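Chain residues, written in single-letter form:
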Amino acid sequence: MTTTPVVRALGELAHGSAHAGPKACACPEPEVLADRPDGTVVRSGRVVAKAHAADSEVPALAARLSLAASPRLAGILLPPLPAPAGPPGTAEGRAVSLWPYGAPVDPTDPGAAPWEDAAALLARLHRTPPPHPLPPMRGPVKAARAVARMCAARPGDPATGPVLAAWRGLPGWARAEHPVPGPRDGFLCHGDLHLGQLVRHPAEHGPWLLIDIDDTGLGDPAWDLARPAAWYAAGLLPPAIWLRFLDTYRAAGGPAVRPEGDPWPELDVAARALTVQTAALALAKSTAEDRSPDEVEQLMIDACVRIASLPPELAPEHAS
């Protein structure tokens, strides 16, 4: 196991929470599930400890943890475990939360990916009235940070031109420059939906639940459909899977798109933003790893080329 101070502290917290009392045990070493600037996650047995990003706003994170613990979100969001010092705790100066371990989606079995379950969970989340005040959903902030990361990694590089052009064609709310306009800003949103944000709990045979509430809040629910929509538009998600996902969401009463007909008037802006975010991260990561973008990354970069080349009359009608 990596032995940074944060990882060691998380391992001790998770292990201590997994064992009531001082009894000796023969547990394996805590397992590092993720170690990134935006989140370090360590598992010990049935407990997972997460150190959130160093710049996390503690009151906002506390509101999001309270949301995940709310009975109103039971069966939708994985609820946190009590933290020793209250929600959230701290480790090495970073806010920490504790969670029950859930079994993730198997990346080696794409045919079993729970797209319909994800769609049904999103629809239920979007239809749930917020149980208390919450901060805005942070999806647009993540997109803006991805573009900034790309620009820092490749300053002045012509390869970033189409991505930046596609970014500039988005309305201000999608670039995190101002709030979502109109009546679509008050829905509960996950903020960073992908298949890595689902786990089965209890592990292996329990129902699928959504995890990772760092970006959860109030906003336009179309953002939560934007990543699969962007993958579909780029040719990464087969049409049959996209339609199953969309049909399930609609059947469950999801408010992000109209009940029938063309969903793209609602999805267009968010899907473009997620395309830009993914392409920007691809350019930043490939630069950091001293390699060319791989085939999947290049598809998203090429999608930005197409977005940037659209004539003005096809740009989002509510761009600003």
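Thresholds, definitions, all that
Residues numbered from 1 in each chain as written. Predicted model: local features only at pLDDT ≥ 70, side-chain atom pairs only at ≥ 80, totals over all residues. Heavy atoms only, no water. Pairing = 2+ DSSP bridges. Helix = DSSP H or I, 4+ residues; strand = E, 2+ residues; numbered from the N terminus. Phe/Tyr/Trp six-rings, centres within 6.5 Å; stacked < 30°, edge-to-face > 60°. Buried < 20%, exposed > 50% of the residue type's maximum accessible area, 1.4 Å probe, protein only. Lys NZ or Arg CZ within 6 Å of the ring centre and 35° of its normal.

*Asks:* So what exactly am I meant to see when it comes to the pairing of strand 1 (residues 31-36) here?
*Replies:* The side chains of a regular strand alternate, residue by residue, between the two faces of the sheet. Both strand 1 and strand 2 (residues 39-44) contribute to a ladder of five bridges, which runs antiparallel. Residue pairing in the sheet places Ala-34 in a bridge with Val-41 of strand 2. Once strand 1 ends, the chain turns through two residues before running back antiparallel as strand 2.

*Asks:* What should I look at first to understand the packing of aromatic side chains in this one?
*Replies:* Per the counting criterion, the structure on display carries seven aromatic pairs. Relative to Phe-245, the ring of Trp-115 has its centre 5.9 Å away and its plane inclined at 90°; by these criteria the two rings are edge-to-face. Here Phe-245 lies in helix 7 (residues 239-251) and Trp-115 lies in helix 3 (residues 115-127), a separation of 130 residues in the sequence. Under the relative-accessibility criterion, Phe-245 is labelled buried at 0%. Taking 6.0 Å as the distance between ring centres and 65° as the angle between the ring planes, the aromatic pair formed by Trp-173 and Trp-223 counts as edge-to-face. Of the two residues, Trp-173 sits in the loop between helix 5 (161-168) and strand 7 (187-189) while Trp-223 sits in helix 6 (residues 222-234), which places them 50 residues apart along the sequence. Judged on exposure class, the residue Trp-173 and its partner Trp-223 are both buried. One aromatic cluster in this structure is built from Trp-115, Trp-231, Tyr-232, Trp-242, Phe-245 and Trp-264. Positioned over the ring face of Tyr-101 is Arg-43, at 3.5 Å from the centre of the ring.

Without other data, these values stay purely geometric and don't point to any function.
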